[in-house]
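# Chain and residue survey
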Amino acid sequence: MTRKIAVPTSDGKLDGHFGHCKQFAMVEVADKEIKAISYLDAPPHQPGLLPPWLADRGANDIIAGGMGQRAINLFNERGINVFVGAPALTPEELVTGFLNETLSFSANYCDH
C-alpha cells in the first residue's frame, strides 16, 4: 500500500512553522521504503486552507515541527495523521526515521 507523507520544508529541511513553509515535500512510501519525492510550492498562508489542499494532493500523514491544535483537528477530520515535534532534518531523513521507528519527536512547540 502506497502512502504519502507531507513534510513542510524551507531550504531543504523541515520548516518548524508549518503554515509558513516555502514548499511541501510529498514523500511516497511503500513497504517501509521511500519510492518517490516531489516538491510542491506552498499556497499563500490562509487559515484552514492547508487541510483540504494537502488532502486533495493525497497526503495520508504529516511530519511537522509545530502545529496548532485547531490545525491538527482539521487534518484529522480529513483522515490525515499528524506527527509533531520533529527535528529540523531533510524530508528523506525524517521519513526514513519515521518508517524505521527511530525518529524522535519532542513536544509540539506551536501554541496557536
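Residues numbered from 1 in each chain as written. Predicted model: local features only at pLDDT ≥ 70, side-chain atom pairs only at ≥ 80, totals over all residues. Heavy atoms only, no water.

### Topic: the packing of aromatic side chains
With the rule as written, the count across this model stands at five aromatic pairs. Here the aromatic rings of Phe18 and Phe75 are separated by 5.6 Å at their centres, their planes lie at 85°, and the arrangement is edge-to-face. Taken as a pair, Phe18 in the loop between β2 (13-14) and β3 (23-30) and Phe75 in helix α2 (residues 69-77) lie far apart in primary sequence, 57 residues in all. Across the pair, Phe75 and Phe18 agree in class, each one buried. For the pair Phe24 and Trp53, a centre-to-centre distance of 5.8 Å together with 50° between the ring planes defines the contact as tilted. Highlighted residues: Phe24 in strand β3 and Trp53 in helix α1 (residues 50-56), separated in sequence by 29 residues. Phe24 sits in the buried class, given a relative accessible area of 0%. Members of the aromatic cluster, connected to one another through ring pairs, are Phe18, Phe24, Trp53 and Phe75. (Phe/Tyr/Trp six-rings, centres within 6.5 Å; stacked < 30°, edge-to-face > 60°. Helix = DSSP H or I, 4+ residues; strand = E, 2+ residues; numbered from the N terminus. Buried < 20%, exposed > 50% of the residue type's maximum accessible area, 1.4 Å probe, protein only.)

### Description of helix α3 (residues 91-99)
Each full turn of the α-helix corresponds to 3.6 residues, which orients residues three or four apart in the same direction. For α3, every residue scored as buried is listed here: Pro91, Leu94, Val95, Gly97 and Leu99. Lining the buried residues of α3 we find β1 (3-10), β2, β3, β4 (33-41) and β5 (61-63). Where α3 terminates, the next one or two residues include Glu101, which has phi positive at roughly 60°. (Contact = heavy atoms within 4.5 Å.)

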